[in-house]
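# Results of the structural survey
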Amino acid sequence: MAVDFVLSSPLGPPACEKDAKALQFIEEMTRNADAVQERVLDEILTPNSQTEYLKRFKLDGASGRETFKSKIPVVTYEDLQPEIQRIANGDRSPILSAHPISEFLTSSGTSAGERKLMPTIKEELDRRQLLYSLLMPVMNLYVPGLDKGKGLYFLFIKSETKTPGGLLARPVLTSYYKSEHFKSRPHDPYNVYTSPNEAILCPDSFQSMYTQMLCGLYEREQVLRLGAVFASGLVRAIRFLQLHWRELAHDIRTGTLNPHITDPSICESMGKIMRPNPDLADFVADECYKENWEGIITRIWPKTKYLDVIVTGAMAQYIPTLDYYSGGLPKACTMYAASECYFGLNLNPMCKPSEVSYTIMPNMGYFEFLPHDPHAIVSPTKLIDLVDVEVGKEYELVITTYAGLYRYRVGDILRVTGFHNSAPQFHFVRRKNVLLSIDSDKTDEAELQRAVENASKLLREFNTSVVEYTSYADTKTIPGHFVIYWELLMKDLKNSPSDEVLDKCCLAMEESLNTVYRQGRVACNSIGPLEIRVVKNGTFEELMDYAISRGASINQYKVPRCVNFAPILELLDLRVMSRHFSPSLPQWTPERRR
């Protein structure tokens, strides 16, 4: 299929002088993308030339592209894990970076059940802050008047640990929110939050959510935009309001804070905000008491212009729910980032979710792209430079960072949609190999297989086994949860597994899933109990027949381990004989295993 070449026009006019400088910076970076990339590679390689890693490949201080590409291999996390573990254990020699590793940023990807550790350096905070500073100047081009109100953002920190060598290990956003860049940020009339820092920085997720919602209700007439990092977070906030509006209305009516809020810093900051407001309490109660919650966001926050949430990739499954709650408000996906590196921003943030494209900022790191063709017999090995990618083609992102990752495969699959000046724009297609995701968790096929195998061990004493299985992420429930369809072979019907045993199978599966999933279940309440639906014998044969009727080859057919096509889900659900849920929370602790 032919794809039109898209070249966007210059940005402007800016809303203020500060915005003008930011937009001019974007233009300069994207206009000279290749030269900026060349400079970035030199800035990374030259100071790091004496690191153990680069010396191993005999780079000998060279910083040119061709030498770099010919000598430095393309790697995955598993390739770097021994070096990363040495740093985590306390080795302070220049292994990956000549700069001291300041902390580890924990990725939502997993390795042996643990979050991956991404090394970072202090200077990276400045680079991330630079990208943040570009977001509102772009948004102001599309939504005027954002300096006349506030943003209600549900932002949270997550647990942090220390490695054996004493370095902090925590999610990238927790690192940012706890930094002086965030806590001591200068006042910007275009970027004022309803929530005080104390509410955002509270480690207790209930107290944090409660007080952020309370502040948002108090300032309902000031709110111009609602946001969370991921769409799932905003959906969860609305569900929280459904569950707790009575307590919130009581606090507003009396001007007193819920006794479950005990964090001293929150209590002090909320004391400056809270006041009795019976009229507002009546309004909140009247709206929330109604059975119909369609458009609840614009009913409670009537001046809301857009939702600021990521709805690309796995988060697209929440779009219908957000449309229902917001009456179809625009959803702005403003930036593209990961634990390893921040990549770029959306220069057309008010576009439809299906049309979101991110412009890679060439100053953030050195970017290469591995052509991705899932149907290719032989995988391509030659990497393409940033400015040489082709519109319409898909690539896996490969990065070299200032913090010591060299030619590292991120695992994101991107499709080129066009260019802004000479910088390409990408649509996020998916995470490579990710099968299931509810929030920030990522479960691949191998992990799901292990979980099924471990759970099915509980069936052995009943002479029962799992014949086939598939899955899907059910986001119609709040929070969303995994649904696993099992077809069982029972050799002794008089000794079939009980409901209690099958419930325990659900928990056994959860115990087998990665730490990010289990943290979502236990600490964040962002994932609901796993569900197993037992289907009638022969269901998966019918599934195959259906696929063949739609053109699948009988010789090449494989049972899909994840489904989201409505007719297939309907076929499966019509054949469900029993449903089972995890009876308790899986084990999770913030301490790292190694």
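Use the structure listed above.
Residues numbered from 1 in each chain as written. Predicted model: local features only at pLDDT ≥ 70, side-chain atom pairs only at ≥ 80, totals over all residues. Heavy atoms only, no water.

### A look at helix α2 (residues 33-45)
- For α2, with 13 residues, the first-to-last C-alpha span of 18 Å sits near the 18 Å given by 1.5 Å per residue.
- Against the buried residues of α2 lie α1 (17-31), α3 (52-56), α4 (65-71), β13 (366-371), β15 (394-400) and β17 (423-431). (Helix = DSSP H or I, 4+ residues; strand = E, 2+ residues; numbered from the N terminus. Expected span 1.5 Å × (residues − 1). Contact = heavy atoms within 4.5 Å.)

### Things to note about the packing of aromatic side chains
- Counted according to the given criterion, the structure contains 23 aromatic pairs.
- Between Tyr324 and Tyr325 the ring centres are 5.5 Å apart and the planes differ by 65°, which places this aromatic pair in the edge-to-face class.
- When its relative accessible area of 36% is taken as the criterion, Tyr324 is described as partly exposed.
- Counting every residue linked through ring pairs, the aromatic cluster contains Tyr132, Tyr153, Tyr176, Tyr177, Phe182, Tyr193 and Tyr342.
- The lysine or arginine in question, Arg561, covers the ring of Tyr469, its NZ or CZ lying 4.1 Å from the ring centre. (Phe/Tyr/Trp six-rings, centres within 6.5 Å; stacked < 30°, edge-to-face > 60°. Buried < 20%, exposed > 50% of the residue type's maximum accessible area, 1.4 Å probe, protein only. Lys NZ or Arg CZ within 6 Å of the ring centre and 35° of its normal.)

### A word on the packing of helix α10 (residues 205-218) against helix α11 (residues 231-254)
- Remark: α10 packs on α11, axes separated minimally by 9 Å, with the N-to-C direction vectors making an angle of 70°. One way to sum up the angle between α10 and α11 is to call them roughly perpendicular. At the point where α10 passes α11, the crossing takes the right-handed sense. Between α10 and α11, the residues in contact are Phe206, Met209, Tyr210, Met213, Leu214, Leu217 and Tyr218 and Arg236, Ala237, Phe240, Leu241, His244, Glu247, Leu248, Asp251 and Ile252, respectively. (Axes fitted to C-alpha atoms, helices over the stretch in contact; angles between N-to-C directions. Parallel < 35°, antiparallel > 145°, perpendicular 65-115°, else oblique. Left-handed = near helix turned anticlockwise from the far one by under 90°.)

### Regarding helix α12 (residues 264-271)
- Taken together, the buried positions of α12 are Ile266, Ser269 and Met270. One face of α12 carries all of its buried residues, which in axial projection span an arc of 95°. Across from the buried face of α12, at angles greater than 90 degrees, the exposed residues are Pro264, Glu268 and Gly271.
- Contacts from the buried residues of α12 go to α9 (197-200) and α10. (Arc of directions from axis to C-beta.)

### Topic: the packing of α11 against helix α13 (residues 278-289)
- For the pair α11 and α13, the least separation of the axes is 8 Å and the interaxial angle reads 165°. Of the possible angle classes, the one that applies to α11 and α13 is roughly antiparallel. α11 and α13 meet at a crossing whose hand is left-handed. Within the contact between the two elements, α11 uses Leu241, Trp245, Arg246, Ala249, Ile252 and Arg253 and α13 uses Pro278, Leu280, Ala281, Asp282, Val284, Ala285, Cys288 and Tyr289.
- Of the residues that constitute the contact of α11 with α13, the class distribution is eleven nonpolar, no polar and three charged. (Nonpolar A, V, L, I, M, F, W, Y, C, P; charged D, E, K, R; others polar.)

### Some words on the nonpolar core
- Counting residues in hydrophobic clusters, the biggest one holds 165 residues, and the most contacted among them are Leu241, Trp301, Phe343, Phe367, Trp486 and Met509.
- Among the elements that make up this core, the one with the highest residue count is α11 (eleven residues). (Core = buried A, V, L, I, M, F, W, Y, C linked by side-chain atoms within 4.5 Å.)

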